[in-house]
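Architecture and fold: a report
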There are 2 protein chains.
Amino acid sequence: MNSYKAPVKDMRFALLDVLDVEPIYQRIGAEQATRDIIEAVLEEGARFNESVLAPLNQSGDQEGCHFDKATGKVTTPKGFKEAYAQFVEGGWPGLTAPEQFGGQHLPESLGAAIKEMIDAANLAWGNYPLLSHGATEALKHHGEDWQQEVFLKPIVEGRWTGTMCLTEPHCGSDLGLLKTRAEPQADGTYAIHGTKIFITAGEHDLTENIVHLVLARLPDAPPGTKGISLFIVPKIRTAKDGTLGEPNALRCGSIEHKMGIHASATCVMNFDGAEGYLIGQPNKGLNAMFTMMNTARLAVGIQGLGLIDRAYQNALAYSRDRLQMRSLSGSKRPDKPADPLIVHPDIRRMLLTCKALGDGSRLLALHAALQVDLLERSPDEAERKKADELLGFLTPIVKACLTEWSVECTYHALQCFGGHGYVQEWGMEQLARDARITTIYEGTTGIQALDLLGRKVIQLQGAGLKHFLGLIVEFCSAQTKNAELVEFVAPLAQAAQDWQQLTMDIGKRLMENPEELGAASVDYLFYSGYVTLAYWWTRAVEAADRSGDKALAEQKRAVARFYFQRILPRTLSHASAIRSGAASLMALPEEAFAA
Amino acid sequence: MNSYKAPVKDMRFALLDVLDVEPIYQRIGAEQATRDIIEAVLEEGARFNESVLAPLNQSGDQEGCHFDKATGKVTTPKGFKEAYAQFVEGGWPGLTAPEQFGGQHLPESLGAAIKEMIDAANLAWGNYPLLSHGATEALKHHGEDWQQEVFLKPIVEGRWTGTMCLTEPHCGSDLGLLKTRAEPQADGTYAIHGTKIFITAGEHDLTENIVHLVLARLPDAPPGTKGISLFIVPKIRTAKDGTLGEPNALRCGSIEHKMGIHASATCVMNFDGAEGYLIGQPNKGLNAMFTMMNTARLAVGIQGLGLIDRAYQNALAYSRDRLQMRSLSGSKRPDKPADPLIVHPDIRRMLLTCKALGDGSRLLALHAALQVDLLERSPDEAERKKADELLGFLTPIVKACLTEWSVECTYHALQCFGGHGYVQEWGMEQLARDARITTIYEGTTGIQALDLLGRKVIQLQGAGLKHFLGLIVEFCSAQTKNAELVEFVAPLAQAAQDWQQLTMDIGKRLMENPEELGAASVDYLFYSGYVTLAYWWTRAVEAADRSGDKALAEQKRAVARFYFQRILPRTLSHASAIRSGAASLMALPEEAFAA
């Protein structure tokens, strides 16, 4: 009932026309990613995701994962294992991994488009390979040679998957509180003791081994976040030559019963003296983990994007099909008993909100992913530094805004279906349930907002923000004489100026009261997201005009107008809330919150 | 894990201090509803709902309803039947029903407070008696004497429940399309043929009989909404003397598998020549149904309110308990490993949003319910007319805003729990899933918005709006010299003026393009809701100041400040969206919505 067609045309437009990746790929040594290859990968990705993963989305939700208490084993829903085998067969796990580890080393920005397809097709399934990507990054950057050889290659091949074991029952956002212990052993390994919760894909039946990356404390570790180390802890013990031994002393204790992503196993993992290997330096585990976490944050943002697009596609199809009431301006289908929903302005408002936030977010996400490519591959150090700063700045925006918008857009899309949206049959309520985790895992929206405003803007003195504002100014200056674009360029330039001013105002206020940071952060995050999208919608119109595709140019212009007139004004209330400061948040004493 | 304590103190404050219902009740012949009785009913209601219904909420969700295909019977979750018996035993079904039919005839505004408790305690359970209230209204106003005698009394006693059978597979919002037929029989009854869907409590095991109120067409009926009649169709055939006969020719065909309210049976009802009795005039069924629908719409708005309060209470308890990270302004609990969540500004933002929208909505809902009392009981015709117009105006605001805010607030409350909010155990995800139906059933938010702007404001020339603006002006004038209130009165007076101007602007624009109605409607609805709440928050502060309860006055003032500084500015973006007009919504051709 709930179908999916990958938006290959818009992805091509985003990568090739708006972001103009071809010359960039050539310049940074990704010569193999020619236009032909990009298009072929997108087409092949569409085929796989539409035909293999999408049909398993609803059945996976209804069946869920099965946990066998006696053995600690998790069985994924029917078809998941076979789909994973096809995924491996197609070479998808190694799409962007370095060639030296068996990957194809295609750009991350192309990988991000494929990631969107997976998430739209089957979010829960996508969670199994998702953390392999993060594990790849951590092992690539911080692993010793033998660790890369033994653990990275099977992950790149897709024979094994990875996890991130951070959260414990008493600590989620606050990793400084974690208690899991790592005891050094005579043979140089460590015995890991502790309980981790909310471990995505912590146990499953898709691969023969699972590589857990576990945060734990060494015996002499300083307290707090400065005493955390990272360990590789495989499900099956693995010798330095890669041969598999006995099962390790770890076990899945249970899986969570959740609101959504039923087919994604969320595990309690008990480590009972499991053999682990230190990765990176002692007590520097958070650094290594952040490598994974940033990758995972972009990835979760892209989950939001995938959900927006799938929800939109289905709401659009239903709104064109379902006949209900006559148009306010007179019957549009007098031959039918009623007009289709899509004639009604409020249905259009909901659909266009999804379209504007979805297609705009695609550009935002792909641009962020392109910074990963530049950071990792650019021969120019200054360009790498800039990409790093821009990426750090964009990551919390991508993670938080795209996921919050997925909650909003799955709401709108469900609403288009009326009562039918609330029943399982149509698949819309699943999308809404699945979306709800995305604003939580890999750091809640509140955490992203503190990262954006506190760390990326204030602590790092706004380096990333300056780069992004520079992009806006540069673009607006270049377009001053473009009469076709003035309706967007003028408010965009104004928005950029207001954004800068707002940032400075917050900075000043922060000097007087540190609570102003948390008081402004989430509104500032949304504000930033909306201005960022205004930039991308203007760029999209400009690129569509240049493309010579008249229908596309008209569509982009119409949606951009909707965005500027109906969505961008949300910045007004966010700015007003920010300017009101911390006082109204902090005044009420804790005990006076109760009725 | 998810507890509930009825907000008796705030309800008392709302009814007795802010709305000052005592003298009103005396004046309109509800003399029995003295302060003592009001307080006793609230206390008793709290006891019943906290101890009987609240504990069945989570188990009811997990167990759901059972449908037996062979018999067409629905079994409600464990404990529901016994709870219903206690509900009847306590006399709750007849709380507000006229004495002549066995009720206690207490005011609807008091009944609304009890209704909030039921919805907060157990929304799904509350759906079984909910429609009895609407059926009572329809029978009271439109039923013949024998119909009232035979059907109304058992409903008031709670021995039977009622339903509203409107929706059919091809028609939801658009009732003009309905096809169910009513064939006149020789004995004056009608044979009802057709299929109704989404029938809440259409079949269950709580009572011996169910009174379906069914919309259907007579053979000679004109097409569209002018050819719809309303019929009483009991589950068990009922003679004019009230004795029960054979089962009627109707049957539950299946129940829906839904996102939430699992314990509320949502039925497909097949009428296969079932015996029915015309209620009211032929072809005037929609009039009679609107009596039920308006009651039901207020009731669903109150469901939103109940969910907001329960979600808030649990998020507050968790935020005070859960230790995570240090306060931005330095440790607040140095004796603990971390500070409680509630020290963090963004957690406070989410909690205060629930508190401000919840407690404000309580006043809005009770004020609307008070109009029902005035309409039905005031000896003064002018007062009855005014109450009718005000009620008509407030009903779509209560229905749509309180339910939309319940979606928002259950979101915030879940978010305070982080990952724990997403798992079933804590009960927060259930509240979010349950809330999601409230913006759909009994008319979606879009339908409420058209009712508000199109019918109540434009068609009826803003009679209700004028009354409400009159309340604001009157109050602001009376308070001009109150220095304690100026910070609220000034922006409130401005908001009222802007609201009026915005309404006139829309009216003008509408003369040129009828699509402007649907383009403005939902934003106008929210705009109206936020201004309305600004009025109630100002009234709350004023009443709390007068009450002499200093702690209460400080709490109300702090939350009101939060409301004015952090929530009311949302009107800015709604106004901006409205002023942008219909063009950006209507420009994109239908076929250009696809990627």
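No experiment lies behind these values; they were computed from the predicted model shown. Within each chain, residue numbers correspond to sequence positions counted from 1 in written order. Each chain is given a letter, starting from A, and each ligand a number, starting from 1, according to the order in which they appear as written. Since the coordinates come from a predicted model, pLDDT governs what is reported: local features require at least 70, and pairs of side-chain atoms require 80 or more to be given and counted, while whole-chain, interface and lining totals use all residues. Heavy atoms throughout the structure, all of them, feed into the side-chain values; hydrogens and water do not.

Side note on the pattern of salt bridges
Each salt bridge in this description consists of a side-chain nitrogen of Lys or Arg and a carboxyl oxygen of Asp or Glu lying within 4 Å of one another. For the coordinates displayed, the defined rule picks out 79 salt bridges over all chains. The partner of arginine 546 of chain A in a salt bridge is glutamate 542 of chain A, with the nearest N and O atoms 2.8 Å apart. Taken together, the residues arginine 546 of chain A and glutamate 542 of chain A, both in helix α16 (residues 515-547) and four residues apart, mark about one turn of the helix. With a 1.4 Å probe rolled over the protein chains alone, any residue whose accessible area is under 20% of its type maximum counts as buried; one over 50% counts as exposed, and the rest are partly exposed. Accessibility expressed as a relative area gives 11% for glutamate 542 of chain A, which makes it buried. Of the charged contacts in the structure, one is a salt bridge between glutamate 168 of chain B and lysine 196 of chain B, with a shortest N-O distance of 2.9 Å. Of the two residues, glutamate 168 of chain B is situated in the loop between β3 (160-165) and β4 (181-184) and lysine 196 of chain B in strand β5 (residues 190-200); the sequence distance between them amounts to 28 residues. On the basis of relative accessible area, lysine 196 of chain B is assigned to the buried category, the value being 0%. Taken together, the shared-partner salt bridges connect Asp10, Glu116, Asp309, Lys355, Asp359, Arg362 and Lys556 of chain A into one network. A run of H or I in DSSP becomes a helix once it reaches four residues, and a run of E becomes a strand once it reaches two; helices and strands are each numbered from the N terminus.

Focus on the side chain of glutamine 415 of chain B
With respect to the secondary-structure elements, glutamine 415 of chain B resides in helix α10 (residues 381-416). Residues adjacent in sequence count toward polar contacts only when both atoms are side-chain atoms; beyond that, a polar contact is any pair of N or O atoms within 3.5 Å, and within protein one must be able to donate a hydrogen and the other to accept it. Within polar-contact distance, the side chain of glutamine 415 of chain B engages the side chain of arginine 436 of chain A at 3.0 Å. Within polar-contact distance, the side chain of glutamine 415 of chain B engages the backbone oxygen of threonine 439 of chain A at 2.9 Å. Excluding its chain neighbours within four sequence positions, the residues that come into contact with glutamine 415 of chain B are Arg436, Thr439, Ile440, Thr444 and Thr445 of chain A together with Met350 of chain B. By the convention used here, residues are in contact when the closest approach between their heavy atoms is within 4.5 Å.

What to know about helix α7 (residues 145-157) of chain A
For an α-helix the count is 3.6 residues per turn, leaving residues at separations of three or four pointing the same way. Residues and elements named next belong to chain A. To estimate the expected span of a helix, count its residues, drop one, and scale the result by 1.5 Å. With 13 residues, α7 extends 17 Å from end C-alpha to end C-alpha; this agrees with the ideal 18 Å at 1.5 Å per step. Values of bend correspond, residue by residue, to the angle between axes fitted over the seven residues ending at that residue and the seven starting there. At phenylalanine 151, α7 shows its largest kink, close to 30 degrees, and the proline proline 154 lies no more than four residues downstream. All of the buried residues in α7 are Trp146, Gln147, Gln148, Val150, Phe151, Leu152, Pro154, Ile155 and Val156. For α7, the elements touching its buried residues are α6 (108-142), β3 (160-165), β6 (209-216), β7 (229-234), β8 (236-238) and β11 (266-279).

Thoughts on the UniProt feature "domain: Acetyl-CoA dehydrogenase-like C-terminal" (unreviewed entry) in chain A
Within this numbering scheme, the UniProt entry marks residues 468-589 of chain A as carrying the feature "domain: Acetyl-CoA dehydrogenase-like C-terminal" (unreviewed entry). In residues 468-589 of chain A, helix accounts for 84% and strand for 0%; the two terminal C-alpha atoms are 40 Å from one another. UniProt positions are given in the numbering used here, feature names are shortened, and annotations may be inferred rather than shown by experiment.

A few points about the domain arrangement of chain A
The split of the chain into domains comes from an automatic or database domain assignment. One can read the domain layout of chain A as domain 1 (8-142), domain 2 (160-285) and domain 3 (457-583). The gap between the C-alpha centroids of domain 2 of chain A and domain 3 of chain A is 41 Å.

Observations concerning the packing of helix α1 (residues 8-18) of chain B against helix α9 (residues 345-377) of chain B
Residues and elements named next belong to chain B. Axis separation between α1 and α9 bottoms out at 10 Å; the angle between their running directions is 50 degrees. Taken as axis vectors, α1 and α9 run oblique relative to one another. Handedness of the α1/α9 crossing: right-handed. On the side of α1, the interface is formed by Asp10, Met11, Ala14, Leu15 and Val18, while α9 contributes Asp359, Arg362, Leu363 and Leu366. Classes in brief: Ala, Val, Leu, Ile, Met, Phe, Trp, Tyr, Cys and Pro nonpolar; Asp, Glu, Lys and Arg charged; the others, Gly included, polar. Split by residue class, the contact of α1 with α9 holds six nonpolar, no polar and three charged. Angles here are taken between N-to-C directions and fall from 0 to 180 degrees, while the axes themselves are lines fitted to C-alpha atoms, restricted in helices to the stretch in contact. An angle below 35 degrees is treated as roughly parallel, one above 145 as roughly antiparallel, one from 65 to 115 as roughly perpendicular, and anything else as oblique. Crossing handedness is defined as follows: a turn of the near helix away from the far one that is anticlockwise and smaller than a right angle gives a left-handed crossing, while the clockwise case is right-handed.

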